[in-house]
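Below, each chain spelled out in residue letters.
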Number of protein chains: 2
Amino acid sequence: VKALAIDIGGTHAACALVEDRRIIVSETLDADGVDLAPLLRELGDRLRDLLGRAGVPAPACAGVAVAFCGIVDPQRARILATRGKYADAPQLDLQAWARHALGLPVAVENDARMALLGEWYAGAARGVNNVVMITLGTGVGGAAMINGRLLHGKHYQAGCLGGHLPALFTGRRCICGAIGCVEAEASTWALPAICRETPGFDASPLSQCDPVTFEDLFRYARAGDQVAETVRTRCLKVWGTAAVALIHAYDPEVVLFGGGVMKSAPDILPSIKAHVSECAWTPWGEPEVRAAELGNEAALLGAIPMLGGPRRPQ
Amino acid sequence: VKALAIDIGGTHAACALVEDRRIIVSETLDADGVDLAPLLRELGDRLRDLLGRAGVPAPACAGVAVAFCGIVDPQRARILATRGKYADAPQLDLQAWARHALGLPVAVENDARMALLGEWYAGAARGVNNVVMITLGTGVGGAAMINGRLLHGKHYQAGCLGGHLPALFTGRRCICGAIGCVEAEASTWALPAICRETPGFDASPLSQCDPVTFEDLFRYARAGDQVAETVRTRCLKVWGTAAVALIHAYDPEVVLFGGGVMKSAPDILPSIKAHVSECAWTPWGEPEVRAAELGNEAALLGAIPMLGGPRRPQ
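Residues numbered from 1 in each chain as written. Chains lettered and ligands numbered in written order. Predicted model: local features only at pLDDT ≥ 70, side-chain atom pairs only at ≥ 80, totals over all residues. Heavy atoms only, no water.

Topic: the sheet that holds strand β1 (residues 2-8) of chain B
All names here are of chain B. Spatially, five strands are ordered β3-β2-β1-β4-β7 in an open sheet, and the strand pairing comes out mixed. The open sheet is flanked by β3 (22-30) and β7 (106-110), the only strands paired with a single partner. If you compare each strand with its neighbour and ignore which way they point, the axes differ by 15 degrees on average. Here strand β4 (residues 61-68) pairs with β7 via five bridges, running parallel. In the sheet register, A67 faces β7, and the bridge partner there is E109. On the sheet, helix α3 (residues 111-122) packs against β1, β4 and β7 and is oriented at approximately 105 degrees with respect to β7. (Pairing = 2+ DSSP bridges. Helix = DSSP H or I, 4+ residues; strand = E, 2+ residues; numbered from the N terminus. Axes fitted to C-alpha atoms, helices over the stretch in contact; angles between N-to-C directions. Contact = heavy atoms within 4.5 Å.)

Structure follows, in structure tokens:
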């Protein structure tokens, strides 16, 4: 089965022609996160280009699957809320766009859920029907699958706010409005402030990074910088806590960690595995913590199951 | 429809004959939490007594619904895990017990889930199909219903560990093994230690309570005791954080607070409502925070829907 796929983030958008578990051709564009309408027009053009390059006629595709960085109603194919980015998104009729641009039906999903679907269909969660995914990046994303179905909830918010479960009720204000969310205590956007507030920061090489990234943090921690070690330990505890939170909330067999920060997986996974092993209350046995396998392609590879492929999780 | 109902906690067990949304007769026994087998025999005797007193023959009942304070497999009617109490429970065949003792089929559920079911069927969540419940007591219980179905998860742990979502990753070790759980930071069992560790405790009237209860805490806080005020503020923040955690995890329309501590509801609910209103990220509108209505009877009144009454949530 072939399909078109789009993954719209705040700073990049990817589009692809996929066939079952592989990407035939794909392309990534910069995005500014301001207006979705012009970006969609651009993505429609690029998708027609990809079809032309691959010699595949649009009607050979099952549809267009769109992963979007916000709260999405997959049943009506509408974007419901966007937290500042793409303010025009809730007004857009994605079905009309896909019909006019490509003559195809559309399926829309939250990007973290679609990434989980990709990992379930083609990546680290193949064969596992109870799985949660945490994506560590600019923010912290989440998604949950129970008994082979993505969890949505009444207002399509369930599962996808895994980064907004609390880690520290006395902690920092999160951009979502809550206090001490996992994302506010350990994400790329929160990292510079966390470092600045750590005693000794001014004398640490981290103070020369602009802005500090997790790659910087892990590098300087490995080199023995005390501030970097302190912040590293703290962030690893937050992420371990997030894993336990999702295990206690959704009862999965496997916890996947993905997202750009997982380029540093060897600095991250052992600590999270130890934390889960020590702290999760799972009398049935031990949930496995795994790195996601598909990187940036995870959401794109969720296209086939999204569009009703082998088995469509609701 | 009539049914028998049992609610087994660590220190008490209740049994009742119910008809639809009301309890016809009921009885409560002390329980020691040590062995379930003799308690079940006793409860079987009491249920036959209740039937006799009410003049209802056992076959007039749809079955026996059992709420149990542990992790339960409702499909096989087995108790899976008990965290120290009733160590013999996983070995017991509840179906055989109900057949021999009463000639009736049995349905078994976690007590917090069955309490939610009772509130949904006969209490504060009537007509609301997306609801979470937090029970504040010796421990902190949780349950979640999504689209009219109780959430169970692969190993029947989903939803019922709401008290074991994290509130403070730097916090206290919980009896579940995790760190800084809601229950470890604000429950009746945790309260004495929390008070003792608060500066000024020795000079506070709280130091004369043995052990400190939330009723003591709220009374002394209202009277202006500084230590009591500090601990009250802290616990209210933890419970508000728990409400936000469950809203972000399960996307409900209504959050119910129940359990013995809610005897002090006027000291608790306004603060939690304000916290949810300020902190929950719910672009669709505002989830309502309500007090549970059925008190100790909630789980017993879950019997009819448990046994396949008007509509059986899976």
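Section: the packing of helix α1 (residues 36-54) of chain A against helix α2 (residues 94-102) of chain A
Packed helices, taken two at a time, are described by the angle between their axes plus the distance between the axes. Residues and elements named next belong to chain A. Where α1 contacts α2, the two axes come as close as 10 Å, and the packing angle between them is 40 degrees. Classified by the angle between their axes, α1 and α2 sit oblique to one another. At the point where α1 passes α2, the crossing takes the right-handed sense. Residues L40, R41, G44, L47, R48 and L51 of α1 pack against L94, W97, A101 and L102 of α2. (Parallel < 35°, antiparallel > 145°, perpendicular 65-115°, else oblique. Left-handed = near helix turned anticlockwise from the far one by under 90°.)

Points about the packing of helix α7 (residues 226-250) of chain B against helix α8 (residues 265-279) of chain B
Residue and element names in this part refer to chain B. Remark: α7 packs on α8, axes separated minimally by 9 Å, with the N-to-C direction vectors making an angle of 50 degrees. Comparing their axes, α8 and α7 come out oblique. Crossing angle aside, the handedness with which α7 passes α8 is right-handed. Contact residues: L236, K237, W239, G240, T241, A243, V244, I247 and H248 in α7; D267, I268, S271, I272, H275, V276 and C279 in α8. Classifying every residue of the contact of α7 with α8 by side-chain character gives nine nonpolar, five polar and two charged. (Nonpolar A, V, L, I, M, F, W, Y, C, P; charged D, E, K, R; others polar.)

Notes on the interface of chain A and chain B
Quite often, the size of an interface is put as the accessible area lost when its parts meet. Residue-level contacts link 46 residues of chain A with 46 residues of chain B. Looking at the side of chain A facing chain B, the largest losses of area belong to A:F169, A:H248 and A:W281, adding up to 21% of the total buried there. Inspection of the chain A/chain B interface yields two salt bridges. The partner of A:R173 in a salt bridge is B:E278, and the shortest N-O contact between them spans 2.5 Å. Applying the counting rule to chain A against chain B returns 22 residue pairs in polar contact (both at pLDDT 80 or more). (Buried area = accessible area lost by both parts, 1.4 Å probe. Salt bridge = Lys/Arg side-chain N within 4 Å of Asp/Glu carboxyl O. Polar contact = N/O pair within 3.5 Å; in protein donor to acceptor, adjacent residues only side chain to side chain.)

Topic: the nonpolar core
A:W239, A:Y250, A:F257, B:W239, B:Y250 and B:F257 are the most contacted members of the largest nonpolar core, which totals 127 residues. Sequence-distant contacts of A:Y250, that is, excluding residues within four places in its chain, are made with A:V132, A:A144, A:I146, A:L151, A:A158, A:G159, B:A158, B:H248, B:A249 and B:Y250. (Core = buried A, V, L, I, M, F, W, Y, C linked by side-chain atoms within 4.5 Å. Buried < 20%, exposed > 50% of the residue type's maximum accessible area, 1.4 Å probe, protein only.)

Notes on unusual backbone geometry
Residue A:P211 follows A:D210 across a cis peptide bond; omega there is -10 degrees. Here A:P211 shows up in the loop between α5 (191-196) and α6 (214-222). We note that A:D251 has phi near 60 degrees; this positive angle belongs to a residue other than glycine. With respect to the secondary-structure elements, A:D251 resides in the loop between α7 (226-250) and β11 (254-258). In this structure, B:A77 takes a positive phi of about 55 degrees despite not being glycine. Within the fold, B:A77 resides in the loop between β5 (71-73) and β6 (78-81). Look at B:A77 and you get buried, because its relative accessible area is 4%.

A short note on α1(A)
Each α-helix turn comprises 3.6 residues. Residues three or four places apart therefore point the same way. Residue and element names in this part refer to chain A. Relative to the 27 Å expected for 19 residues at 1.5 Å per residue, α1 spans 26 Å between its end C-alpha atoms, a close match to the ideal helical length. All buried positions along α1 are accounted for by L36, L39, L40, L43, G44, L47, L50 and L51. Angularly, the buried residues of α1 cover 145 degrees about the axis, an arc narrow enough to put them on a single face. Exposed and facing more than 90 degrees away from the buried side of α1 are R41, G52 and R53. (Expected span 1.5 Å × (residues − 1). Arc of directions from axis to C-beta.)

Focus on the confidence of the model for chain A
The predicted model of chain A has a mean per-residue pLDDT of 95, with 98% of residues at 70 or higher. For this predicted complex, the interface confidence reaches an ipTM of 0.94, while the overall pTM sits at 0.95. (pLDDT = per-residue confidence, 0-100.)

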